[in-house]
Amino acid sequence: MSEAALVLSGVRKSYREGRGRLPVLTGVDCRVAPGEMVALVGPSGSGKTTLLQIAGLLDQADEGEVRIEGIDCAALGDAARTRVRRDRLGFVYQFHHLLAEFTAVENVALPQRIAGRGKAEARAHAAALLDRLGLKERLRHRPGELSGGERQRVAIARAVANGPAVLLADEPTGNLDHRTADHVFGALVDLVRDGRVASLIATHNTGLAARMDRRLSLQDGVLVEE
Ligand code: ADP
Ligand code: MG
């Protein structure tokens, strides 16, 4: 059996609600293998973002296990968690979260610099990624000078800049028209397949979900294979 890059087992999460608790995840299990693309679907409020935040080590589960490339992340201290996030995880959000004062190249170079890569090398890799995503002519543009689809492609380049094992995306095309969404998704597929990245992608776009390898639907706090 090929080792899954991302494993969630028995993940439970509830939020405080008045005097009680609102259960959101009640026992989530899933495994995503390298190079595999899994769609995370389910109605608004079903817990997709909560699940991705836990898988991305941005939030802690109440119970259960998160393993990234075999590392049991619940057991990690803050510094080690940050390292796993930096070196092994990539995240794409619905809103691009690019730094407004920085150019496209600088935005993609930044996580590489934080990971210790030299300036010239980081910029060259950033430029190569952006070129691959069809943004060769946009390297020195700031986010405010880019279209929505272009910004999302920069955000994708940034997410994969350090060669993550796992990519988590939270409605990455949710803000885009259908044609642009298709284009951005195509770019994502390319990079994920090529880099053998295990990806879990929340989407409301049934067309895009259908193009992934599997679809997991969040229903009443658990994942159901569609
Ligand atoms: P989705 O991404 O599928 O729309 P979310 O994970 O954002 O769902 O939310 C799942 C449920 O948890 C919703 O009912 C939401 O209101 C609730 N929720 C999310 N985050 C918090 C929080 N920080 N505190 C309290 N309730 C939250
Ligand atoms: Mg959400």
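Quick notes on the rules
Residues numbered from 1 in each chain as written. Chains lettered and ligands numbered in written order. Predicted model: local features only at pLDDT ≥ 70, side-chain atom pairs only at ≥ 80, totals over all residues. Heavy atoms only, no water. Helix = DSSP H or I, 4+ residues; strand = E, 2+ residues; numbered from the N terminus. Buried < 20%, exposed > 50% of the residue type's maximum accessible area, 1.4 Å probe, protein only. Contact = heavy atoms within 4.5 Å. Lys, Arg positive; Asp, Glu negative; His and termini not counted. Charge placed at Lys NZ, Arg CZ, Asp CG, Glu CD. Pairing = 2+ DSSP bridges. Salt bridge = Lys/Arg side-chain N within 4 Å of Asp/Glu carboxyl O. Near = heavy atom within 4 Å. Polar contact = N/O pair within 3.5 Å; in protein donor to acceptor, adjacent residues only side chain to side chain. Areas by Shrake-Rupley, 256 points an atom, 1.4 Å probe, with all protein chains shown as cover. Nonpolar A, V, L, I, M, F, W, Y, C, P; charged D, E, K, R; others polar. Expected span 1.5 Å × (residues − 1). Phe/Tyr/Trp six-rings, centres within 6.5 Å; stacked < 30°, edge-to-face > 60°. Disulfide = S-S within 2.5 Å. Axes fitted to C-alpha atoms, helices over the stretch in contact; angles between N-to-C directions.

A. A look at the overall build of the protein chain. On a plain count of helices and strands, the protein chain comes out with seven helices and ten strands. By principal-axis analysis of the C-alpha atoms, the protein chain measures approximately 50 × 45 × 40 Å. Expressed as a percentage of its 226 residues, the buried residues of the protein chain come to 48%. Sequence-distant contacts, at least 24 apart, represent 72% of the contacts inside the protein chain between residues at least 6 apart. Separation of charge centres in the protein chain, based on 31 positive and 29 negative side chains, amounts to 4 Å.

B. Structural context of the pairing of strand β2 (residues 20–32). Examined bridge by bridge, strand β1 (residues 6–17) and β2 share ten bridges and lie antiparallel to one another. Looking at β2, one finds that Val 11 is bridged to Val 28.

C. View of the environment of Ala 4. Looking at the secondary structure, you find Ala 4 in the segment before β1. For Ala 4, a relative accessible area of 8% puts it in the buried group. Sequence-wise, Ala 4 and Arg 31 are 27 residues apart; in three dimensions their C-alpha atoms are separated by 5.7 Å.

D. View of the environment of Ala 5. Positionally, Ala 5 belongs in the segment before β1. Each C-alpha atom, one on Ala 5 and one on Ser 199, is 9.2 Å from the other, the two residues being 194 residues apart in sequence. With residues near it in sequence (within four places) discarded, Ala 5 still touches Val 32, Ala 33, Pro 34, Arg 67, Ile 68, Glu 69, Ala 165, Val 166 and Ala 198.

E. Layout of the pattern of salt bridges. By the definition in use, this model includes twelve salt bridges. Between Asp 190 and Arg 132 there is a salt bridge, and its shortest N-O distance comes to 3.8 Å. Placement of the pair is Asp 190 in helix α6 (residues 178–194) and Arg 132 in helix α4 (residues 119–132), with a sequence separation of 58 residues. Residue classification places Asp 190 among the partly exposed positions, given a relative accessible area of 44%.

F. Molecular detail of the site of ligand 1. Around ligand 1 lies a shell formed by Tyr 15, Leu 22, Val 24, Pro 43, Ser 44, Gly 45, Ser 46, Gly 47, Lys 48, Thr 49 and Thr 50. Thr 50 places a polar side-chain atom, nitrogen or oxygen, 2.6 Å from an oxygen atom of ligand 1. For ligand 1, the protein covers 59% of the area, taking 570 Å² as the surface of the free molecule. Contributions of two or more residues to the shell around ligand 1 are made by β2 and α1 (48–55). Residue composition of the shell around ligand 1, by class: four nonpolar, six polar and one charged.

G. Layout of helix α5 (residues 148–160). Under the 1.5 Å per step criterion, the end-to-end length of α5 is 19 Å for 13 residues, consistent within 8% with the ideal 18 Å. Among the 13 residues in α5, eleven count as buried, and that is most of the element. When α5 is considered as a whole, its buried residues turn out to be Gly 149, Glu 150, Gln 152, Arg 153, Val 154, Ala 155, Ile 156, Ala 157, Arg 158, Ala 159 and Val 160. Elements in contact with the buried residues of α5: β6 (89–92), α3 (104–114), α4, β7 (166–170) and α6.

H. The arrangement of the packing of aromatic side chains in detail. Counted by the stated rule, this structure contains one aromatic pair. Seen from their ring centres, Phe 91 and Tyr 93 are 4.7 Å apart, and the 20° between their planes marks the pair as stacked. Under the relative-accessibility criterion, Phe 91 is labelled buried at 10%.

I. Spotlight on the state of the cysteines. Applying the stated criterion across every chain, the model contains zero disulfides. Its sulfur unpaired, Cys 30 is 13 Å from the next cysteine sulfur, which belongs to Cys 73. In this structure Cys 30 comes out as buried when scored by relative accessible area, which is 6%.

J. Broad picture of the sheet that holds β2. Taking strand neighbours across the sheet as the criterion, the four strands line up as β2-β1-β4-β5 in an open arrangement whose pairing is antiparallel. The sheet terminates laterally at β2 and β5 (71–72), the two strands that pair on one side only. Against the sheet, α1 engages β1, β2 and β4 (63–68), with an angle of about 125° to β1.

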